[in-house]
Amino acid sequence: MSENKELLEVKDLGITFFTDRGALPAVQEVSFSIKPGETLGVVGESGSGKSQEAYSIMGLLQSPGKVTGGSITFEGQDMLSKTKDEMIAFRGKEVAMIFQNPMTSLDPVFKIGHQMVEMIREHEKVSKKEAWNKAVEALKLVGIPEAEKRMDAYPHELSGGMCQRVIIAMAVCGHPKLIIADEPTTALDVTVQAQVLELLKDLQKKLNTAILLITHNLGVVWEMCDTIMVMYAGKEMEYGDVRSIFKDPLHPYTRGLLKSIPRLDQSSDDPLFNIPGSVPDLSEMPKGCRFCTRCPEADKRCREQEPGLYDVNGRQVRCWKYAPEGG
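These lines cover the structure that appears in this document, whether it is placed above or below. For clarity, every value in this text was computed on a predicted model and none was experimentally measured.

## A look at the overall build of the chain
- For the chain, the count of helices and strands is 12 helices and 12 strands.
- At 21 Å, the chain has a C-alpha radius of gyration in line with the 20 Å of a compact globule built from 327 residues.
- If you line up the chain on its principal axes, its C-alpha atoms span 65 × 50 × 45 Å.
- Considering only intrachain contacts with a sequence separation of at least 6, the fraction spanning at least 24 residues in the chain is 64%.
- When the accessible surface of the chain is summed, it comes to about 16,300 Å², and 49% of that surface belongs to carbon and sulfur atoms.
- Distance between charge centroids for the chain: 1 Å, based on 39 positive and 46 negative side chains.

Here it is, written out as structure tokens:
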């Protein structure tokens, strides 16, 4: 595939949860793309729909959630039309996922080696010995010392950081073209977080793997990502080049998120900035802009009409301030 061509394309994605309270739209009109070797960061508060997007790409969206609109294509393949068996073959080989908590991502009753060998043989026609050797090499690739010995360990015998390395090793075993990392450092201490992120960057260089990184940590986005999509209440608020958005954030929500980051030149006596209020419940979305109840710049139009997604010098922004004249 040409490096200039999109590896993954998501267009106007809609995800709805069908509950006793009715149909609740969790994600609406979300579009983004990732090229080979590129890293896209998806940020936003809890309840923004970030993880649901990832699950829909992997075919792991659970009931009562359902994809109700848009398209997901991977190298031109329509992901939403694939059968269950086709998705099982696809997962791990073409796209792999790293989940939030490494301690719950591994089965506690099986040894590391058993789980890795089983996963490899699910996707490749190799003997147990060949799969074992591949697993050992993958553990070495992610910097796990005494890899042969670790194959014979149970998950509870390893630290959280070591378990996360095992998860990453399992993710890269099949040399996937895309890795979806859903808060991969949440359960780890700061030192181990840095090691895991450095590991992902190193593996990306070696394998030219694209990464979809879901995180709350904007510092991680700055360090890791080429592009960023800011999500709020199921919709994208701003989407574009990381450095442009960090240097000159356009949407009030993006500005609020960046202002919330503690600064080294900030006095310890100064209170940390926070965006007042919280993400609205799916059943109680504002009539106009979804951020209007928390936005310091909201006016009457913001409260009554929802803005579209407007192009501003190649960046996408969902705010009435950037609507073209007559829009």
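## Some details on the pairing of strand E4 (residues 65-74)
- Two strands pair when backbone bridges link them, and strand E1 (residues 8-19) and E4 are joined in this way by eight bridges, in the antiparallel orientation. What sits directly across from lysine 11, in E4, is serine 71.
- Taken together, the two bridges between E4 and strand E5 (residues 77-78) define a ladder with antiparallel strand orientation. Across the sheet, the residue bridging to threonine 73 is aspartate 78, located in E5.

## Details of the nonpolar core
- Among the nonpolar cores identified, the biggest contains 68 residues, and Ile98, Met116, Leu139, Val166, Ile168, Ile228 and Tyr253 are the most heavily contacted of them.
- Counting residues per element, this core draws most heavily on helix H7 (residues 160-172), at nine residues.
- Apart from residues lying up to four places away in sequence, tyrosine 253 is in contact with Gly44, Glu45, Val230, Met231, Tyr232, Met237, Ile275 and Phe291.
- Judged by nonpolar contacts, the second largest core, of 32 residues, contains Val27, Val42, Met58 and Tyr239.

## A look at helix H1 (residues 50-58)
- Taking burial as the measure, the nine residues of H1 include seven buried ones, the bulk of the element.
- For H1, the full list of buried residues reads Lys50, Ser51, Glu53, Ala54, Ser56, Ile57 and Met58.
- Two residues or fewer past H1, glycine 59 is found with a positive phi of approximately 70°.

## Here we look at the environment of threonine 68
- Mapped onto the fold, threonine 68 is located in strand E4.
- What makes threonine 68 partly exposed here is its relative accessible area of 43%.
- Taking the C-alpha atoms as reference, threonine 68 lies 6.3 Å from threonine 16; in sequence the two are 52 residues apart.
- Ignoring any residue separated from it by four or fewer positions in sequence, one finds threonine 68 in contact with Gly14, Ile15, Thr16 and Phe18.

## A few points about the packing of aromatic side chains
- One pass over the structure, following the stated rule, counts six aromatic pairs.
- Grouping aromatic residues by their ring pairs yields a cluster made of Tyr232, Tyr253 and Phe291.
- Note that arginine 301 overlies the ring of tryptophan 320, its terminal NZ or CZ placed 3.7 Å from the centroid.

## Points about the pairing of strand E7 (residues 178-182)
- Summarising burial for E7: five of the five residues are buried, a large majority.
- Of the two faces of E7, the one holding Leu178, Ile180 and Asp182 and the one holding Ile179 and Ala181 are both buried throughout.
- Bridge analysis of strand E6 (residues 95-98) against E7 gives four bridges, and the strand direction is parallel. Directly across from alanine 96, in E7, lies its bridge partner isoleucine 179.

## Some remarks on the sheet that holds strand E9 (residues 227-232)
- The strand order E6-E7-E8-E3-E9-E10-E12-E11 describes an open sheet built from eight strands, whose pairing is mixed. Two strands in the sheet have a free side with no partner beyond their single neighbour: E6 and strand E11 (310-312). Geometrically, the sheet is characterised by an average inter-axis angle of 20° between neighbouring strands, direction not taken into account.
- Pairing of strand E3 (residues 39-43) with E9, which is carried by four bridges, proceeds in the parallel orientation. Bridging from a neighbouring strand, valine 42 pairs with methionine 229 of E9.

## Topic: helix H4 (residues 112-123)
- In this model, H4 (12 residues) spans 17 Å end to end at C-alpha, consistent with the 16 Å of a helix rising 1.5 Å per residue.
- Residues Ile112, Gly113, Gln115, Met116, Val117, Met119 and Ile120 constitute the buried set of H4.
- The inward-facing, buried residues of H4 abut helix H5 (128-141), helix H6 (147-151) and H7.

## Here's the deal with the state of the cysteines
- With the rule as written, the count across this model stands at zero disulfides.
- Here cysteine 289 is not disulfide-linked; the sulfur of cysteine 292 is the nearest cysteine sulfur, at 5.9 Å.
- Distance from the sulfur of cysteine 302, which forms no disulfide, to the nearest cysteine sulfur (cysteine 319) is 6.2 Å.
- Relative accessible area serves as the criterion here: at 12%, cysteine 302 is assigned to the buried category.

## Some details on the pattern of salt bridges
- All chains considered together, the criterion is met by 18 salt bridges.
- Here glutamate 29 ties to arginine 318 by a salt bridge, and the two come within 3.8 Å at their closest N and O atoms. Placement of glutamate 29 in strand E2 (residues 22-34) and of arginine 318 in the segment after strand E12 (315-317) is noted, with a sequence separation of 289 residues between them.
- For glutamate 29, a relative accessible area of 43% translates into the label partly exposed.
- Assessed through its relative accessible area of 3%, arginine 318 is described here as buried.
- When salt bridges that share partners are traced, they join Glu29, Lys235, Arg290, Glu306 and Arg318 into one network.

Calculation rules
- Residues numbered from 1 in each chain as written.
- Predicted model: local features only at pLDDT ≥ 70, side-chain atom pairs only at ≥ 80, totals over all residues.
- Heavy atoms only, no water.
- Helix = DSSP H or I, 4+ residues; strand = E, 2+ residues; numbered from the N terminus.
- Rg over C-alpha atoms; globule rule 2.2 N^0.38 Å.
- Contact = heavy atoms within 4.5 Å.
- Areas by Shrake-Rupley, 256 points an atom, 1.4 Å probe, with all protein chains shown as cover.
- Lys, Arg positive; Asp, Glu negative; His and termini not counted.
- Charge placed at Lys NZ, Arg CZ, Asp CG, Glu CD.
- Pairing = 2+ DSSP bridges.
- Core = buried A, V, L, I, M, F, W, Y, C linked by side-chain atoms within 4.5 Å.
- Buried < 20%, exposed > 50% of the residue type's maximum accessible area, 1.4 Å probe, protein only.
- Phe/Tyr/Trp six-rings, centres within 6.5 Å; stacked < 30°, edge-to-face > 60°.
- Lys NZ or Arg CZ within 6 Å of the ring centre and 35° of its normal.
- Axes fitted to C-alpha atoms, helices over the stretch in contact; angles between N-to-C directions.
- Expected span 1.5 Å × (residues − 1).
- Disulfide = S-S within 2.5 Å.
- Salt bridge = Lys/Arg side-chain N within 4 Å of Asp/Glu carboxyl O.

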